[in-house]
Amino acid sequence: MSAPVDIRAGTGSSLREFLHGLPGVDQVGAEARAAMLASRSIKTTAKQWALDMAISMIDLTTLEGQDTPGKVRAICAKAKRPDPADPTAPQVAAVCVYPDLAHLAAAEVKGTGIHVASVATAFPSGRTSLEVKLADAKYAIEAGADEVDMVIDRGAFLAGDYQLVYDEIAAVREVVEDAAHLKVILETGELVTLDNVRRASWLAMLAGADFIKTSTGKVSPAATLPVTLVMLEAVRDFRATHGRQVGVKPAGGIRTAKDAIRYLVLVNETAGEDWLDPAWFRFGASSLLNDLLMQRTKMMTGRYSGPDYFTLD
């Protein structure tokens, strides 16, 4: 269990002082560094490794109101065997579904090592009572989820009520305990500035997050390289100061193998090799997997398979 770090001294003042005492983010510099790293090319053997690593880091996701048991079973089948014609293709890290479908996903992937992630705490808005949020998280775990993706109250954060956000994350952390990893969704597209992304990242980690996640996928912009750079810097610095490693999950808008490889380069050059592992870095995605498989087939056979060769997500 990742216990919250108590720096409050009885009030929210110490928390505010800490978060506003963090070094400011040079937005121009962050964007320039992200663009520079995105321009790097990698050699063929490294690209083969990167494609397989990216596949193994995917949280294969379906979060639509029209989701059905059949769609969840299909997603789970693809998670277990991404390319039916090639058993050497790695499994994905997890499937991510709504809580009411978590029991189906858990049954489908049982014994495979694939995790079941479920969104909770009034996803995607986060606007409901704490009692409902805790019940939502508990329901997901009881249904079979071993990872819970919660959303923060962005309205409270932007209003400067950091204590409320901290307390809610810590309360969900207590409900989750050792039964599941806790991923905290910042919804960075609504946080406006990179300074806010840094503060929200530290706030979530102090409150006990196992992962910090960019987005719900319901707000634009979702994941971006500069935002993920700031989050990777935060987890690197948090481990240096608190001795605990926290994962990062960009989600939303990552659709191509080229995009995924850019993120892997960013991880390696910012946080370091320790994060190049599905235990510490994930992609929240649905369509990304197909492009990774297409590029993988091209490298192995010398020719592309059409998009219709792989199942649609």
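Everything in this summary refers to the structure shown in the same document.

Here we take up the overall build of the protein chain. Assigned secondary structure in the protein chain consists of 12 helices and 8 strands. For 313 residues, the compact-globule formula gives about 20 Å, and the C-alpha radius of gyration of the protein chain, at 19 Å, lands near that figure. In terms of principal-axis extent, the alpha carbons of the protein chain reach across some 60 × 45 × 30 Å. Counting across all 313 residues of the protein chain, residues that qualify as buried make up 54%. In the protein chain, the proportion of contacts linking residues at least 24 apart, taken out of those at least 6 apart, comes to 77%. Surface summary for the protein chain: the accessible area is close to 13,000 Å², and the carbon and sulfur share equals 52%. Of the side-chain charges in the protein chain, 33 are positive and 39 negative, and the distance between the mean point of each set is 6 Å.

Moving on to the sheet that holds strand 1 (residues 58-61). Spatial strand order, 7-6-5-4-3-2-1-8: 8 strands in an open sheet with parallel pairing. Pairing within the sheet leaves two strands with one partner each, and these edge strands are strand 7 (247-249) and strand 8 (283-285). Neighbour to neighbour, the strand axes of the sheet diverge by 25° on average, direction disregarded. Lying on the sheet, helix 10 (residues 225-242) is in contact with strand 6 (211-213) and strand 7; it crosses strand 7 at an angle near 170°.

With that out of the way, let us pick up the nonpolar core. Counting residues in hydrophobic clusters, the biggest one holds 96 residues, and the most contacted among them are Ile 169, Val 184, Phe 283 and Leu 292. Looking at this core element by element, the count peaks at 9 residues for helix 10. Apart from the residues lying within four places of it in its own chain, the contact partners of Phe 283 are Ala 54, Met 57, Ile 58, Asp 59, Lys 249, Pro 250, Ile 254, Ala 260, Tyr 263, Leu 264 and Leu 288. Judged by nonpolar contacts, the second largest core, of 7 residues, contains Ala 117, Val 119, Val 151 and Ile 185.

Turning to the pattern of salt bridges, a few remarks are in order. On inspection of all chains with the given rule, the structure shows 22 salt bridges. One salt bridge connects Arg 40 with Glu 269, and the closest N-O pair in it is separated by 3.3 Å. In this pair, Arg 40 is assigned in the loop between helix 2 (27-38) and helix 3 (44-56) and Glu 269 in helix 11 (residues 257-270), connecting sequence segments 229 residues apart. Here Arg 282 and Glu 147 are joined by a salt bridge, their closest N and O atoms 2.8 Å apart. Residue Arg 282 is located in the loop between helix 11 and strand 8, and its partner Glu 147 is located in strand 4 (residues 147-151); the two are separated by 135 residues in the primary sequence. For Arg 282, a relative accessible area of 3% translates into the label buried. Taken together, the shared-partner salt bridges connect Asp 59, Glu 147, Asp 149, Lys 183, Lys 213, Lys 249 and Arg 282 into one network.

This paragraph deals with the packing of helix 1 (residues 13-20) against helix 8 (residues 162-176). When two helices pack together, their arrangement is captured by the angle between the axes and the distance separating the axes. Viewed as axis vectors pointing N to C, helix 1 and helix 8 meet at an angle of 100°, and their least axial separation amounts to 9 Å. One element, helix 1, and the other, helix 8, form an angle in the roughly perpendicular class. Together, Leu 15, Arg 16, Leu 19 and His 20 of helix 1 and Tyr 162, Gln 163 and Tyr 166 of helix 8 make up the contact between the two elements. Classifying every residue of the contact of helix 1 with helix 8 by side-chain character gives 4 nonpolar, 2 polar and 1 charged.

The next thing to look at is the packing of aromatic side chains. Enumeration according to the criterion identifies 6 aromatic pairs in this entry. Taken together, the ring pairs in this structure connect Phe 18, Trp 202 and Phe 238 into an aromatic cluster.

Cut-offs used in this document
- Residues numbered from 1 in each chain as written.
- Predicted model: local features only at pLDDT ≥ 70, side-chain atom pairs only at ≥ 80, totals over all residues.
- Heavy atoms only, no water.
- Helix = DSSP H or I, 4+ residues; strand = E, 2+ residues; numbered from the N terminus.
- Rg over C-alpha atoms; globule rule 2.2 N^0.38 Å.
- Buried < 20%, exposed > 50% of the residue type's maximum accessible area, 1.4 Å probe, protein only.
- Contact = heavy atoms within 4.5 Å.
- Areas by Shrake-Rupley, 256 points an atom, 1.4 Å probe, with all protein chains shown as cover.
- Lys, Arg positive; Asp, Glu negative; His and termini not counted.
- Charge placed at Lys NZ, Arg CZ, Asp CG, Glu CD.
- Pairing = 2+ DSSP bridges.
- Axes fitted to C-alpha atoms, helices over the stretch in contact; angles between N-to-C directions.
- Core = buried A, V, L, I, M, F, W, Y, C linked by side-chain atoms within 4.5 Å.
- Salt bridge = Lys/Arg side-chain N within 4 Å of Asp/Glu carboxyl O.
- Parallel < 35°, antiparallel > 145°, perpendicular 65-115°, else oblique.
- Nonpolar A, V, L, I, M, F, W, Y, C, P; charged D, E, K, R; others polar.
- Phe/Tyr/Trp six-rings, centres within 6.5 Å; stacked < 30°, edge-to-face > 60°.

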